[in-house]
Amino acid sequence: MRNVLNSIHVSAGLISHRLREFHVADVGRVADMLEAHSHEYGRYLTQDPKGKIIPHFLGQLSEELAQNHLDTLTELTTLNYHLEQLEYCLTVGQAPLRVGGFKDTIQFATIMDEALAPHQGELDRMGVQVCREYQMVGEGILEVPKLLCIVVNLIRNAINGMRKIADRTHRLTLSVLPCPDREGFVRLQVADTGSGIPLDCLTRVFFPQAPGEQSDLLPNLHASAIAAKELAGSLRVWSDGPMQGAIFTLDLPVIHMEGER
């Protein structure tokens, strides 16, 4: 139980830190600047040195707030997972036998849609077409928070890749289908038309990111690959190269009972 409490404190601390990073006060300052020049918007925004930077600043602020908002939602999902662990400890009177022991019966298409929901506004603003290719598959008995975090990370990474190519009409494709080469498994895919991945980097996508390393890929893709293994599945990626988009493929058991692990 002590480990669970420590995890809750860490998640709560991260959420508190990220909320403090929301530059909400900057919105008020920009509003005050515009209000002070309400009689000359045109001249102020096109000729005044301070006014001319406002549109660019608002664009940057919007992206930062959107990223912080999504990071906070992701951490809240993790916090909820730890709270479920704590509830289990208090109800049963003992610590769970292993981390991540809480499962539920889920529809995989529902998980995909839930992971997409917090991104929909951003995708709409970017003009990204969202395609759902959901086939009929059986229900899965899995740890919902862990699976949801994986899919959220994959969608976030896809958005980052598409944002870097502004002169293209983008498409995000979410797929659910029976795994063609693994009986009893379901395949979830997140495909984008973004910046892609060099062929010589495909094997390093899920490596832990070194301190100070700059990459278009999210650092938590490494954690996502580990989480996929903990769900008795696998996570891999393919790209035809730079500017060719990427496809992340997550294979998971359709039915995953404790005794079958």
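Residues numbered from 1 in each chain as written. Predicted model: local features only at pLDDT ≥ 70, side-chain atom pairs only at ≥ 80, totals over all residues. Heavy atoms only, no water.

As annotated in an unreviewed UniProt entry, the protein is Histidine kinase/HSP90-like ATPase domain-containing protein from Candidatus Nitrospira allomarina.

Here the focus is helix α9 (residues 221-230). Taken together, the buried positions of α9 are L221, S224, A225, A227 and A228. Along the axis of α9, the buried positions cluster into a sector of 160 degrees, meaning they face one direction only. The secondary structure elements touched by the buried residues of α9 are α8 (144-163), β6 (234-238) and β7 (246-253). Positioned one or two residues after α9, A232 has a phi angle of 65 degrees, which is positive. (Buried < 20%, exposed > 50% of the residue type's maximum accessible area, 1.4 Å probe, protein only. Helix = DSSP H or I, 4+ residues; strand = E, 2+ residues; numbered from the N terminus. Arc of directions from axis to C-beta. Contact = heavy atoms within 4.5 Å.)

Bringing the pairing of strand β4 (residues 171-178) into the picture now. Extensive coverage of β4 is indicated by the burial of 6 of its 8 residues. Sheet topology note: the strand β2 (residues 129-134)/β4 ladder contains 6 bridges and is parallel. Residue pairing for β4: E133 is matched across the bridge by S175. The turn joining β4 and strand β5 (residues 185-192), which pair antiparallel and follow one another in sequence, is formed by 6 residues; a positive phi near 85 degrees is taken by G184. (Pairing = 2+ DSSP bridges.)

Right, let's talk about the environment of G121 for a bit. Relative to the elements of secondary structure, G121 occurs in helix α7 (residues 120-126). In this structure G121 comes out as partly exposed when scored by relative accessible area, which is 34%. Distance from G121 to A66, taken between C-alpha atoms, is 9.5 Å for residues 55 residues apart in sequence.

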